[in-house]
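Chain and residue survey
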Amino acid sequence: WGIEIPTDVVDPSLPTPTSPSPRSRQLAREFGFAQSSSTDRVFKSTDTLCAIDMTELSTVRMLGRQCSHGFCDACARQALEAIMRDGQFPAQCPGCLAEAPSRASSEHADRARIPSGVIEFLVARQVLTPEFGIAFVRQQLLAAFGPGESVLCPVCGLLNAIAPPGAKDVDMIDPTRFVCAECAFAFCGKCGEVFQGHEGVDCATFATQTRRGDEALSLALVVRSSKPCPGCGAPTTHYRQHGCHHIAPGTGCRACGLHFCYACLGPYPHEQRGDHGLHCDERCDCLPCPDCRPGRSCSACYGDCPSCRGELPGDAPVFQ
(Lines give C-alpha, C1' and ligand atoms only; values in the text may rest on other atoms or scores of the structure.)
Protein backbone atom coordinates (compact mmCIF):
# COMPACT_ATOMS: atom_id res chain seq x y z
CA TRP A 1 0.00 0.00 0.00
CA GLY A 2 3.03 2.28 -0.12
CA ILE A 3 3.03 2.88 3.66
CA GLU A 4 6.53 2.87 5.11
CA ILE A 5 7.27 1.75 8.65
CA PRO A 6 9.50 4.31 10.42
CA THR A 7 12.93 2.86 11.10
CA ASP A 8 13.49 4.93 14.23
CA VAL A 9 10.28 3.89 16.00
CA VAL A 10 9.70 0.60 17.82
CA ASP A 11 6.79 -1.28 16.26
CA PRO A 12 4.22 -1.68 19.08
CA SER A 13 2.38 -4.40 17.15
CA LEU A 14 5.28 -6.88 17.16
CA PRO A 15 5.57 -9.57 19.88
CA THR A 16 7.73 -8.60 22.83
CA PRO A 17 10.92 -10.54 23.57
CA THR A 18 10.82 -13.33 26.12
CA SER A 19 12.73 -11.27 28.67
CA PRO A 20 13.13 -7.54 29.37
CA SER A 21 16.21 -5.72 28.17
CA PRO A 22 18.93 -4.72 30.66
CA ARG A 23 17.69 -1.12 30.49
CA SER A 24 14.13 -2.25 31.29
CA ARG A 25 15.35 -4.30 34.24
CA GLN A 26 17.29 -1.29 35.54
CA LEU A 27 14.20 0.95 35.28
CA ALA A 28 12.06 -1.63 37.05
CA ARG A 29 14.53 -1.85 39.93
CA GLU A 30 14.61 1.94 40.22
CA PHE A 31 10.83 1.87 40.67
CA GLY A 32 11.03 -0.67 43.48
CA PHE A 33 10.93 -4.00 41.67
CA ALA A 34 14.18 -5.37 43.01
CA GLN A 35 13.47 -9.05 42.49
CA SER A 36 13.99 -10.54 39.02
CA SER A 37 10.67 -12.37 39.25
CA SER A 38 8.85 -9.09 39.95
CA THR A 39 10.58 -7.49 36.99
CA ASP A 40 9.42 -10.30 34.70
CA ARG A 41 5.85 -9.87 35.90
CA VAL A 42 5.90 -6.14 35.14
CA PHE A 43 7.47 -6.63 31.69
CA LYS A 44 5.37 -9.50 30.35
CA SER A 45 6.56 -11.24 27.21
CA THR A 46 4.22 -12.19 24.38
CA ASP A 47 3.06 -15.80 24.36
CA THR A 48 4.68 -17.90 21.64
CA LEU A 49 1.42 -19.29 20.23
CA CYS A 50 -1.64 -17.40 19.04
CA ALA A 51 -4.15 -16.93 21.87
CA ILE A 52 -7.07 -17.77 19.55
CA ASP A 53 -6.14 -20.82 17.44
CA MET A 54 -3.32 -21.99 19.78
CA THR A 55 -1.34 -23.43 16.85
CA GLU A 56 0.10 -20.55 14.81
CA LEU A 57 3.04 -18.52 16.08
CA SER A 58 2.26 -15.10 17.53
CA THR A 59 3.07 -12.27 15.15
CA VAL A 60 0.87 -9.52 16.62
CA ARG A 61 0.50 -8.03 20.07
CA MET A 62 -2.19 -5.58 21.12
CA LEU A 63 -0.93 -4.11 24.39
CA GLY A 64 2.82 -4.49 24.51
CA ARG A 65 4.05 -5.79 27.86
CA GLN A 66 0.79 -4.98 29.64
CA CYS A 67 -0.41 -8.48 28.81
CA SER A 68 1.08 -11.64 27.34
CA HIS A 69 -1.51 -12.31 24.62
CA GLY A 70 -0.22 -12.78 21.09
CA PHE A 71 -2.07 -13.42 17.85
CA CYS A 72 -1.27 -14.61 14.36
CA ASP A 73 -1.99 -12.18 11.53
CA ALA A 74 -5.21 -13.90 10.46
CA CYS A 75 -6.70 -14.15 13.96
CA ALA A 76 -5.71 -10.57 14.80
CA ARG A 77 -7.44 -9.33 11.66
CA GLN A 78 -10.57 -11.42 12.30
CA ALA A 79 -10.75 -10.32 15.94
CA LEU A 80 -10.48 -6.64 15.03
CA GLU A 81 -13.07 -7.06 12.27
CA ALA A 82 -15.44 -8.67 14.80
CA ILE A 83 -14.93 -5.73 17.16
CA MET A 84 -15.75 -3.32 14.34
CA ARG A 85 -18.75 -5.34 13.20
CA ASP A 86 -20.22 -5.61 16.71
CA GLY A 87 -19.34 -2.04 17.70
CA GLN A 88 -17.34 -3.12 20.76
CA PHE A 89 -15.68 0.21 21.41
CA PRO A 90 -13.53 1.25 23.15
CA ALA A 91 -11.77 -1.79 21.72
CA GLN A 92 -9.80 -3.92 24.15
CA CYS A 93 -7.35 -6.78 23.78
CA PRO A 94 -9.40 -9.86 22.75
CA GLY A 95 -7.29 -12.07 24.99
CA CYS A 96 -7.89 -9.90 28.07
CA LEU A 97 -11.63 -9.84 27.38
CA ALA A 98 -11.74 -13.62 26.95
CA GLU A 99 -9.95 -14.23 30.25
CA ALA A 100 -11.81 -11.73 32.39
CA PRO A 101 -14.56 -9.88 30.48
CA SER A 102 -16.07 -8.14 33.50
CA ARG A 103 -12.76 -7.01 34.94
CA ALA A 104 -11.37 -5.92 31.57
CA SER A 105 -14.47 -3.84 30.89
CA SER A 106 -14.42 -1.99 34.22
CA GLU A 107 -11.35 -1.00 36.22
CA HIS A 108 -8.95 -2.52 33.68
CA ALA A 109 -10.69 -1.04 30.62
CA ASP A 110 -8.20 1.76 30.08
CA ARG A 111 -5.21 -0.53 30.51
CA ALA A 112 -6.65 -3.12 28.10
CA ARG A 113 -7.59 -0.56 25.43
CA ILE A 114 -5.85 -1.11 22.08
CA PRO A 115 -3.64 1.91 21.25
CA SER A 116 -4.10 3.63 17.90
CA GLY A 117 -0.38 3.18 17.22
CA VAL A 118 -0.84 -0.59 17.09
CA ILE A 119 -3.53 -0.24 14.41
CA GLU A 120 -1.32 2.13 12.40
CA PHE A 121 1.56 -0.36 12.37
CA LEU A 122 -0.76 -3.24 11.48
CA VAL A 123 -1.85 -1.21 8.46
CA ALA A 124 1.80 -0.56 7.56
CA ARG A 125 2.49 -4.30 7.87
CA GLN A 126 -0.54 -4.97 5.58
CA VAL A 127 -2.32 -7.00 8.23
CA LEU A 128 -5.16 -4.46 7.96
CA THR A 129 -6.26 -2.34 5.03
CA PRO A 130 -5.85 1.45 5.26
CA GLU A 131 -9.62 1.92 5.00
CA PHE A 132 -10.26 -0.44 7.89
CA GLY A 133 -7.49 1.11 9.98
CA ILE A 134 -8.90 4.62 9.54
CA ALA A 135 -12.43 3.48 10.41
CA PHE A 136 -11.21 1.52 13.47
CA VAL A 137 -9.13 4.38 14.91
CA ARG A 138 -12.00 6.80 14.32
CA GLN A 139 -14.41 4.60 16.29
CA GLN A 140 -11.81 4.17 19.02
CA LEU A 141 -11.44 7.95 19.30
CA LEU A 142 -15.18 8.51 19.30
CA ALA A 143 -15.56 6.02 22.15
CA ALA A 144 -13.10 8.05 24.24
CA PHE A 145 -15.57 10.94 24.35
CA GLY A 146 -18.84 11.11 26.19
CA PRO A 147 -22.17 12.19 24.67
CA GLY A 148 -22.02 15.78 23.45
CA GLU A 149 -18.23 16.05 23.78
CA SER A 150 -17.20 15.49 20.16
CA VAL A 151 -18.49 15.82 16.61
CA LEU A 152 -17.25 14.57 13.23
CA CYS A 153 -16.86 17.12 10.45
CA PRO A 154 -19.17 16.00 7.60
CA VAL A 155 -16.67 17.30 5.01
CA CYS A 156 -13.17 16.18 6.04
CA GLY A 157 -14.08 13.66 8.77
CA LEU A 158 -11.95 15.30 11.48
CA LEU A 159 -13.01 14.46 15.03
CA ASN A 160 -13.56 17.78 16.80
CA ALA A 161 -13.88 18.07 20.57
CA ILE A 162 -16.63 20.45 21.63
CA ALA A 163 -15.98 20.10 25.35
CA PRO A 164 -12.95 19.20 27.50
CA PRO A 165 -12.55 15.42 27.87
CA GLY A 166 -14.38 14.29 30.99
CA ALA A 167 -16.85 17.17 31.03
CA LYS A 168 -20.28 16.13 32.29
CA ASP A 169 -23.76 17.06 31.14
CA VAL A 170 -22.70 19.06 28.12
CA ASP A 171 -25.93 20.23 26.47
CA MET A 172 -25.80 20.98 22.76
CA ILE A 173 -27.85 24.00 21.74
CA ASP A 174 -30.28 23.23 18.91
CA PRO A 175 -28.80 24.11 16.49
CA THR A 176 -25.12 24.34 17.50
CA ARG A 177 -22.77 26.13 15.13
CA PHE A 178 -19.41 24.43 14.84
CA VAL A 179 -16.42 25.34 12.67
CA CYS A 180 -14.08 22.46 11.83
CA ALA A 181 -10.51 23.07 12.98
CA GLU A 182 -9.13 21.37 9.86
CA CYS A 183 -11.20 22.58 6.87
CA ALA A 184 -13.07 25.53 8.48
CA PHE A 185 -16.43 24.15 7.31
CA ALA A 186 -19.29 25.63 9.38
CA PHE A 187 -21.95 23.08 10.25
CA CYS A 188 -24.52 22.20 12.87
CA GLY A 189 -22.88 20.06 15.53
CA LYS A 190 -26.10 18.14 16.12
CA CYS A 191 -27.44 17.25 12.66
CA GLY A 192 -24.24 17.78 10.61
CA GLU A 193 -25.90 20.03 8.02
CA VAL A 194 -24.25 23.16 6.65
CA PHE A 195 -24.95 26.02 9.06
CA GLN A 196 -25.80 28.61 6.42
CA GLY A 197 -29.52 29.28 6.79
CA HIS A 198 -29.66 27.12 9.96
CA GLU A 199 -29.26 29.88 12.52
CA GLY A 200 -32.41 30.32 14.59
CA VAL A 201 -34.01 27.25 13.00
CA ASP A 202 -34.23 23.90 14.78
CA CYS A 203 -32.78 20.84 13.06
CA ALA A 204 -36.14 19.23 12.15
CA THR A 205 -37.47 22.40 10.53
CA PHE A 206 -34.18 23.03 8.74
CA ALA A 207 -34.17 19.47 7.38
CA THR A 208 -37.67 20.00 5.97
CA GLN A 209 -36.68 23.31 4.40
CA THR A 210 -33.50 21.80 2.94
CA ARG A 211 -35.38 18.85 1.50
CA ARG A 212 -37.88 21.18 -0.15
CA GLY A 213 -35.03 23.30 -1.47
CA ASP A 214 -33.30 20.25 -2.92
CA GLU A 215 -36.54 19.18 -4.59
CA ALA A 216 -36.94 22.65 -6.08
CA LEU A 217 -33.37 22.60 -7.39
CA SER A 218 -33.91 19.15 -8.86
CA LEU A 219 -37.10 20.33 -10.57
CA ALA A 220 -35.30 23.39 -11.94
CA LEU A 221 -32.53 21.16 -13.29
CA VAL A 222 -35.07 18.87 -14.97
CA VAL A 223 -36.80 21.86 -16.57
CA ARG A 224 -33.50 23.33 -17.72
CA SER A 225 -32.08 20.11 -19.18
CA SER A 226 -35.22 18.63 -20.79
CA LYS A 227 -38.12 19.33 -23.13
CA PRO A 228 -41.75 18.30 -22.67
CA CYS A 229 -43.02 15.47 -24.83
CA PRO A 230 -45.49 17.01 -27.33
CA GLY A 231 -47.88 14.15 -26.64
CA CYS A 232 -48.06 13.98 -22.84
CA GLY A 233 -45.69 16.66 -21.52
CA ALA A 234 -43.33 14.20 -19.80
CA PRO A 235 -39.79 15.64 -19.38
CA THR A 236 -37.52 14.19 -22.06
CA THR A 237 -33.77 14.65 -22.41
CA HIS A 238 -31.46 14.23 -25.38
CA TYR A 239 -27.81 15.06 -24.80
CA ARG A 240 -25.55 16.38 -27.54
CA GLN A 241 -24.36 13.75 -30.04
CA HIS A 242 -26.12 10.92 -28.24
CA GLY A 243 -27.54 9.48 -31.45
CA CYS A 244 -29.98 11.32 -33.72
CA HIS A 245 -32.78 13.63 -32.60
CA HIS A 246 -35.33 10.85 -32.93
CA ILE A 247 -36.81 10.19 -29.50
CA ALA A 248 -37.34 6.46 -29.47
CA PRO A 249 -36.24 4.99 -26.13
CA GLY A 250 -37.80 1.61 -26.75
CA THR A 251 -41.02 2.73 -28.42
CA GLY A 252 -40.71 6.53 -28.24
CA CYS A 253 -41.58 8.70 -25.23
CA ARG A 254 -41.17 6.69 -22.04
CA ALA A 255 -44.54 7.87 -20.79
CA CYS A 256 -46.82 7.68 -23.84
CA GLY A 257 -44.69 6.02 -26.56
CA LEU A 258 -44.87 8.94 -28.99
CA HIS A 259 -42.07 9.20 -31.55
CA PHE A 260 -40.95 12.80 -32.12
CA CYS A 261 -37.98 15.00 -33.05
CA TYR A 262 -36.24 16.42 -29.99
CA ALA A 263 -34.91 19.47 -31.85
CA CYS A 264 -38.28 20.82 -33.04
CA LEU A 265 -40.74 18.63 -31.06
CA GLY A 266 -42.43 17.76 -34.33
CA PRO A 267 -43.58 14.28 -35.35
CA TYR A 268 -40.94 11.83 -36.49
CA PRO A 269 -40.06 11.17 -39.23
CA HIS A 270 -40.39 14.57 -40.90
CA GLU A 271 -38.84 16.34 -43.87
CA GLN A 272 -35.45 18.01 -43.54
CA ARG A 273 -35.61 21.54 -42.15
CA GLY A 274 -33.14 24.39 -42.32
CA ASP A 275 -33.11 25.14 -38.60
CA HIS A 276 -31.80 21.73 -37.47
CA GLY A 277 -30.47 18.47 -38.79
CA LEU A 278 -31.05 14.81 -38.11
CA HIS A 279 -28.06 14.78 -35.78
CA CYS A 280 -26.66 17.37 -33.38
CA ASP A 281 -24.77 20.31 -34.86
CA GLU A 282 -24.25 24.00 -34.06
CA ARG A 283 -27.94 24.71 -34.75
CA CYS A 284 -29.53 22.53 -32.05
CA ASP A 285 -29.83 23.33 -28.36
CA CYS A 286 -29.00 19.88 -26.97
CA LEU A 287 -26.99 20.11 -23.75
CA PRO A 288 -23.69 18.28 -23.08
CA CYS A 289 -24.04 15.00 -21.19
CA PRO A 290 -23.34 15.35 -17.44
CA ASP A 291 -22.42 11.67 -17.09
CA CYS A 292 -19.88 11.18 -19.88
CA ARG A 293 -16.20 11.74 -19.16
CA PRO A 294 -13.05 11.25 -21.28
CA GLY A 295 -12.50 7.53 -21.37
CA ARG A 296 -15.82 6.79 -19.64
CA SER A 297 -19.02 7.10 -21.67
CA CYS A 298 -22.56 6.70 -20.41
CA SER A 299 -24.73 3.83 -21.66
CA ALA A 300 -26.56 6.05 -24.18
CA CYS A 301 -23.40 7.39 -25.84
CA TYR A 302 -21.18 5.97 -28.56
CA GLY A 303 -18.08 7.54 -26.98
CA ASP A 304 -17.71 10.54 -29.30
CA CYS A 305 -19.80 13.27 -27.66
CA PRO A 306 -18.22 16.59 -26.53
CA SER A 307 -18.18 15.43 -22.90
CA CYS A 308 -16.29 12.26 -23.86
CA ARG A 309 -13.75 14.35 -25.78
CA GLY A 310 -13.48 16.97 -23.01
CA GLU A 311 -14.59 19.68 -25.45
CA LEU A 312 -17.24 21.48 -23.41
CA PRO A 313 -17.83 25.11 -24.39
CA GLY A 314 -17.13 27.76 -21.82
CA ASP A 315 -20.80 28.60 -21.34
CA ALA A 316 -21.97 25.00 -21.02
CA PRO A 317 -23.95 24.26 -17.84
CA VAL A 318 -22.13 22.27 -15.19
CA PHE A 319 -24.04 19.39 -13.57
CA GLN A 320 -22.95 18.08 -10.20
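Below: a short report on this structure. Just so you know, the residues in each chain are numbered from 1, in the order the chain's sequence is written. Where totals are concerned, whole chains, interfaces and linings use all residues; where local detail is concerned, this predicted model gives features only for residues with pLDDT of at least 70, and gives and counts side-chain atom pairs only at 80 or more. Hydrogen atoms and water are omitted, and side-chain values are computed over all heavy atoms in the structure.

**As for the packing of helix α7 (residues 116–124) against helix α8 (residues 130–143)**
Let me state the cut-off plainly: An axis is simply a line fitted to the C-alpha atoms; with a helix, the fit covers only the stretch in contact. Between two such axes, the angle follows the N-to-C directions and lies from 0 to 180 degrees. Each helix is a run of DSSP H or I of at least 4 residues and each strand a run of E of at least 2, with the numbering of both proceeding from the N terminus. With respect to orientation, any angle under 35 degrees is reported as roughly parallel, any angle over 145 as roughly antiparallel, any angle of 65 to 115 as roughly perpendicular, and every other angle as oblique. Working rule for contacts: check all heavy atoms of both residues, and any pair within 4.5 Å makes them a contact. Side-chain classes are defined by residue name, with Ala, Val, Leu, Ile, Met, Phe, Trp, Tyr, Cys and Pro counting as nonpolar, Asp, Glu, Lys and Arg as charged, and the others, Gly among them, as polar.
Between α7 and α8, whose axes approach to 9 Å, the crossing angle comes to 175 degrees. The orientation of α7 with respect to α8, classified from their angle, is roughly antiparallel. Contacts between α7 and α8 pair Ser116, Ile119 and Val123 from the former with Pro130, Gly133, Phe136 and Val137 from the latter. Residue composition of the contact of α7 with α8, grouped by class: five nonpolar, two polar and no charged.

**What about the environment of Ser58?**
The criterion, for reference: The term polar contact refers here to a pair of N or O atoms within 3.5 Å; inside protein, the definition further demands a hydrogen-donor-capable atom paired with an acceptor-capable atom, and it admits residues adjacent in sequence only when both atoms are side-chain atoms.
Looking at the secondary structure, you find Ser58 in the loop between α2 (36–42) and β1 (60–61). Expressed as a C-alpha distance, the spacing of Ser58 and His69, which sit eleven residues apart in the sequence, is 8.5 Å. Once you skip the residues sitting within four places of it in the chain, Ser58 turns out to touch Pro15, Thr46, Asp47, Thr48, Leu49, Cys50, Gly70, Phe71 and Cys72. Within the local environment of Ser58, its side chain forms a polar contact with the backbone oxygen of Asp47, the two atoms lying 2.8 Å apart. There is a polar contact of 3.5 Å between the side chain of Ser58 and the backbone nitrogen of Cys50.

**Describing the packing of helix α3 (residues 73–86) against α8**
Operational definition: In a left-handed crossing the near helix is turned counterclockwise from the far helix by less than a right angle, and in a right-handed crossing that turn is clockwise.
Where α3 contacts α8, the axes come no closer than 11 Å and their chain directions differ by 55 degrees. In terms of axis orientation, α3 runs oblique to α8. Pair α3 / α8 crosses with left-handed handedness. Contacts from Leu80, Glu81, Ile83 and Met84 of α3 reach α8 at Phe132, Ala135, Phe136 and Gln139. For the contact of α3 with α8, the class distribution of residues is six nonpolar, one polar and one charged.

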